[in-house]
Each structure stands twice: as C-alpha cells, then as structure tokens.
Amino acid sequence: MAEGSVEEGKRENGPQLGEEVAIGIEDVSTIPKGTIDPVYEAKARVLNRAIQDIGMGWYQWQLFIVVGFGWASDNLWPIVTSLIFTPIANEFHPSRPPLLSLAQNVGLLFGAMFWGFGCDIFGRRWAFNLTLGLTALWGMIAASAPNFAAIGVFAAFWSFGVGGNLPVDSAIFLEFLPGSHQYLLTILSIDWAIAQVVANLVAWPLLGYLTCQQTDPNCTREKNMGWRYFMITMGGLTLIMFVVRFFCFTIYESPKYLMGKGLDEEAVRVVHEVARRNKKTSALTVDDLKACEPDGYEIRVTAGDAVKRKLQAVDLTHVRSLFATGKLAYSTAALMLVWAFIGLGYPLYNAFLPYIQDTRGVDFGDGSTYITYRNSLIIAVLGVPGALAGGALVELPNFGRKGALSVSTVLTGVFLYCSTTATTSSSLLGWNCAYNFTSNVMYAVLYAFTPELFPTKDRGTGNALTATSNRIFGIMAPIVAMFANLKTAAPVYTSGALFIAAGLIVVTLPFESRGKASL
C-alpha cells in the first residue's frame, strides 16, 4: 500500500527521494522489507537515504564524542563499585558484602527500564543529558557515606542514571549515522575500555596506598579514606562529561523518532539542520515523506492525541511491535536471553575480580593491596585493543556481527575456565588479561549489533528489553555470590558456562546487520 503511494507521488510531483531508496545502500536493511508497519518502513527508508546523502560529517563526529561519554559511564561505574568493594568491606564489616553489588544492579535495572522505555515516549534529548548528571551527583555524594547501608543506597541512585546510558545513547547515535558508517557503533566501545583503564589508573594510587590492607584487623575511616577520594574523583570526571555534553553540544531529536510520532515537518527540519552543520544541503522535503502515505491516511497531532500516543506506548504498543512476526519475535527473545546470560555471567566474575585477586593473592603469598590494583590496571589495558578488534571483526565477510559476537563470547567463557587452573598470581593475571580482551570484543559487538536489529520507532523499547533482561539477571549475581563461596571456583564455573551458552544462542539469530542499514 505504501509502495503504491510512492508511485502516485512520482506521477504527480516528479521523481521523489523515496523512489531512489530502491537503488541505494539503504534498501539493504537489517530487518527485511514487509516485516514492520509499511508506512513507517517506507518513510524510514526515505530518511535513511537522506542521512546517507548528507554523509558522515561534523555533527556525527561531535555526536560520536559525546555519545562516547555514555559508553564510558556505563563501564566506569560498575568498575568503581568493584574497585571499592574490598575497602568498603574492610571498613564497615558488613555480614553480606555482595549486597553492595545487589544495590547497584537494582539501580541499573530501574534505570534501564525508566530511561529505555521512556525515551520512546518522551524522546531522546532529555534522557541523553540527564543520565550523566544524575550519575555524577550521586557518585560524589556517596563519598560521604557513614555506613554500609548508606553507600548501598547511593550506589542504587547513581546506577539509576548509569542504567539509561546505553539504551538511549545507542539509539540516538545509530539514528543519525549513515548506513555506511554503522560500524562506528562498535568502535564506540573503545570509550568503554578506556573508562576501565582510567578507573584502575586512578584507583591504583588512591586505593593501593590510602586504604587498609586485606590483613588489617582494625580498619578505620582515617586509614581508609582512599575510596572516598576515589568516589569524588570519578564523580567529578562524570560531571565534566555532563557539562561538555549539556553546554557545549546541541543534540537534535532523532528524525526517525519524530517521524514515528507523526511530526514529519520537524523530522525534515532536523535533517536540514544536520546537513547545515555538515556544510551540506539536503533535497529532502515533507512531500517526500507524505508520498509514502496511502490515500486517506491521517496523522493526528492534537494535544489529546499526543497524550493518547504516550498512553499507547505505555500500553505495550512498542513491545508488541517487536514480536509482530515469527522472525522478529525470535530475534527479540533470543537477544534478551543473550543479554540475560551475559548479565549474570559478567558481574558474577567481574564485579568481584579485585576481591578474587586479593584473596587468591593472599593464598599465593603476594596479596598486597598495591599488587591487587596494579594487576587490575594491567587487565584493564587489555580491553582497549579488544574494543578495536571488535570494530574490525564485525566487517569481515562471511563473519560479520554474528560470527564476531558468538566466537568472542564463547572464548570469554573458555578463558574463565582456564583461570581456575592458575597456581600463581602471574598465571591468574595472564588468564584474566585474555578474558578481558575477549570480553571487550564481545561487548563492543553486542552494543552495536543489538540496536541495529530494532526499528527506530521501537528501538528504545528494544534496547530497554535487552538491558532490563541484563539487569534482572545482574541482580542475581551478588545473590549467587552470597551463597557461593567467592574463594572457590564455583562462581567462575557458573560464569563461564553462561558465556558459552550465550555464544551458542547468537549463532541462531535470524538477522545479520553487516553491510545493511537499520530501520
């Protein structure tokens, strides 16, 4: 029906931008033609071609930088929690230390749900800016925590902001990217890896020298101030990222989001504004989008209808769209399961990695705080080439996103199993370095591949579903840790099995997005 309208527009008004999509790169889309709403699909292809014609320019490169702050924050703060875990346990002596990680994961869950689903209702712009601001605020306040309960509450609050970073940022970045440059979504994970290095680099002197030793029976606040200085530093760094994003960069609402809300004129205006920022021009007009509508098609734009659309969005409209066909339903469900398994496997090991190194180091006779945080920094550095490798692997012919994600996820689990064979701190460090390299390849591909498999009008919701699955299972990690002895290999075996299972599920995904544009 939409195709017939395009032909009618061609006869009445001459060649339309929409008709050229059929011969452009954007016609090869991740989600096959006819899978989603035909009017939305036709308009999305027109907008894709318009963005492709503008090309990769100044606006997208600026966006690449500020979106990278969200990627950095997403890894920075869970790493912060893992790094302060040992000094907090030494100072406050809680009966169940993993409750700190549980509080963090509860905050991440509610953040992923609120910001992820919300950005499909109230738009991307406010969520894009507020997530970093809230994280910085509560992160710095956490330095004043007088007891274990307080630091747990603050961890949940800062994690509420962190939980919204990737669902929102990946959606808004992908929607401004020309199809020829979607690989940059994978390269963004370099910020994720660098954040881990920065956190460990700052932690080494502050936590290595200004916190209590693992063997200190009398750990007081005065001897353990390092973790508080560390929180202020990380909160201040996030505040700088928020200031740069909010005051130094103008973020436009996604054209495809606006189009999905019936705001075609505003969508066209944004496309022309992006073209102007790139010192280009765009031939896109409102008529190009209107040509995709069938006869008698009406867009209701009154305030009452806007409220109704919002209520419909809350009423699972976006969720149902992601399960509209058999292939879409399986793709969405399988992705949720992959994110869920990784959500349990990654924090089950990574959140307690400094603690595991510390306690195993004591067993090996070299468990000083200095060595623990030095080794954490070495492990973190290996994540940077991992993120870069992910960016290269996703573009390999006959390998693509699915191959890169499946192989890296399985290898992550294999290296975890290998770490249980370590008999010295050096061998444990070596296996952990290999694990961090492959896990960063895995996350680099996962964060790029996931939003590419959802249509724009439902992308925030799709990202929220996968992120929520990730966070729900993440909540289980500290619960498992409380009942499984962290000084044994049990959590490591569990984590490794989950990674291997997730890697095998990836092979069964019905869509491959390499060389194809997202709708």
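A few points on the structure. (Residues numbered from 1 in each chain as written. Predicted model: local features only at pLDDT ≥ 70, side-chain atom pairs only at ≥ 80, totals over all residues. Heavy atoms only, no water.)

## Observations concerning the overall build of the chain
And step 1. Counting secondary structure elements, the chain contains 24 helices and zero strands.
And step 2. Classification of the 519 residues of the chain by burial places 61% in the buried group.
And step 3. When contacts within the chain are restricted to residue pairs at least 6 apart in sequence, long-range pairs at least 24 apart make up 83% of them.
And step 4. Element-wise, carbon and sulfur atoms account for 66% of the exposed surface of the chain, whose accessible area totals about 18900 Å². (Helix = DSSP H or I, 4+ residues; strand = E, 2+ residues; numbered from the N terminus. Buried < 20%, exposed > 50% of the residue type's maximum accessible area, 1.4 Å probe, protein only. Contact = heavy atoms within 4.5 Å. Areas by Shrake-Rupley, 256 points an atom, 1.4 Å probe, with all protein chains shown as cover.)

## A closer look at the packing of helix α4 (residues 58–92) against helix α10 (residues 189–209)
And step 1. Taken N-terminus to C-terminus, the directions of α4 and α10 make an angle of 30°; their axes are 7 Å apart at the nearest point. It follows that α4 is roughly parallel to α10 by the angle criterion. When you trace α4 past α10, the crossing you get is right-handed. Here Gly68, Trp71, Ala72, Asp74, Asn75, Leu76, Ile79, Leu83 and Pro87 of α4 come into contact with α10, specifically with Ser189, Asp191, Trp192, Ala195, Gln196, Ala199, Asn200, Ala203 and Leu207.
And step 2. Among the residues making up the contact of α4 with α10, the classes are represented as 11 nonpolar, five polar and two charged. (Axes fitted to C-alpha atoms, helices over the stretch in contact; angles between N-to-C directions. Parallel < 35°, antiparallel > 145°, perpendicular 65-115°, else oblique. Left-handed = near helix turned anticlockwise from the far one by under 90°. Nonpolar A, V, L, I, M, F, W, Y, C, P; charged D, E, K, R; others polar.)

## Here's the deal with the environment of Leu47
And step 1. Along the chain, Leu47 falls in helix α3 (residues 38–54).
And step 2. It is 8.2 Å that separates the C-alpha atoms of Leu47 and Val271, two residues lying 224 residues apart in sequence.
And step 3. Non-local contacts of Leu47, meaning those with residues more than four positions away in its chain, are made with Pro255, Lys256, Met259, Val271, Leu284 and Leu289.

## Some remarks on the state of the cysteines
One covalent bond between the sulfur atoms of two cysteine residues makes up a disulfide.
And step 1. According to the stated counting rule, one finds one disulfide in the structure shown.
And step 2. Two residues, Cys212 and Cys219, share a disulfide whose sulfurs are 2.1 Å apart. Residues Cys212 and Cys219 are joined through a disulfide that is right-handed, its torsion about the S-S bond being 85°. (Disulfide = S-S within 2.5 Å.)

## A look at the side chain of Ser439
And step 1. Summarising the element assignment, Ser439 is placed in helix α22 (residues 425–452).
And step 2. Looking at Ser439, the relative accessible area reads 0%, which means it is buried.
And step 3. Apart from the residues lying within four places of it in its own chain, the contact partners of Ser439 are Tyr346 and Thr412.

## Thoughts on the pattern of salt bridges
And step 1. Going through the model one piece at a time under the given rule, you end up with eight salt bridges.
And step 2. In this structure, Asp53 engages Arg49 in a salt bridge whose closest nitrogen and oxygen atoms are separated by 3.0 Å. Highlighted residues: Asp53 and Arg49, both in helix α3, separated by four residues, approximately one helical turn.
And step 3. A cluster of three or more residues bridged by salt bridges with shared partners is formed by Lys43, Asp264 and Lys290. (Salt bridge = Lys/Arg side-chain N within 4 Å of Asp/Glu carboxyl O.)

## Side note on helix α24 (residues 490–507)
And step 1. If you check α24, its first and last C-alpha atoms are 27 Å apart, about what 18 residues at 1.5 Å a residue would give, namely 26 Å.
And step 2. Within the span of α24, buried status applies to Pro491, Val492, Ser495, Gly496, Leu498, Phe499, Ala502, Gly503, Ile505 and Val506. (Expected span 1.5 Å × (residues − 1).)

## Focus: the packing of helix α6 (residues 125–141) against helix α7 (residues 148–162)
And step 1. Packing of α6 against α7 brings their axes to within 7 Å, and their N-to-C directions diverge by 165°. Taken together, α6 and α7 sit at an angle that is classed as roughly antiparallel. As α6 packs across α7, the resulting crossing turns out to be left-handed. Facing α6, whose interface residues are Thr131, Leu134, Thr135, Trp138, Gly139 and Ile141, α7 presents Phe154, Phe157, Trp158, Phe160, Gly161 and Val162.
And step 2. Of the residues contributing to the contact of α6 with α7, the split by class is eight nonpolar, four polar and no charged.

## Quick look at unusual backbone geometry
And step 1. A positive phi is found at His93, a non-glycine position, where the angle reads about 50°.
And step 2. Examined against the element boundaries, His93 turns out to sit in the loop between α4 and α5 (99–118).
And step 3. Residues other than glycine seldom take positive phi values, yet Lys279 does so here, at roughly 60°.
And step 4. Looking at the secondary structure, you find Lys279 in the loop between α13 (264–277) and α14 (286–290).

## Brief notes about the packing of aromatic side chains
And step 1. One pass over the structure, following the stated rule, counts 24 aromatic pairs.
And step 2. Between Trp115 and Phe160, the aromatic rings sit 5.8 Å apart at their centres with planes inclined by 50°, giving tilted as the arrangement. Taken together, the residues Trp115 in helix α5 and Phe160 in helix α7 connect sequence positions 45 residues apart.
And step 3. Taking the relative accessible area as the measure of exposure, Trp115 reaches 4% and is therefore buried.
And step 4. When the ring of Tyr443 is compared with that of Tyr447, the centres are 5.3 Å apart and the planes differ by 35°; the resulting orientation is tilted. On the criterion of helical spacing, the pair formed by Tyr443 and Tyr447 is a turn pair, its members being four residues apart in helix α22.
And step 5. For Tyr443, a relative accessible area of 4% corresponds to the buried category.
And step 6. The structure contains a cluster of three or more aromatic residues connected by ring pairs, namely Trp71, Trp192, Trp339, Tyr346, Tyr443 and Tyr447.
And step 7. Above the face of the Phe128 ring, Arg245 is positioned so that its terminal group lies 3.8 Å from the ring centre. (Phe/Tyr/Trp six-rings, centres within 6.5 Å; stacked < 30°, edge-to-face > 60°. Lys NZ or Arg CZ within 6 Å of the ring centre and 35° of its normal.)

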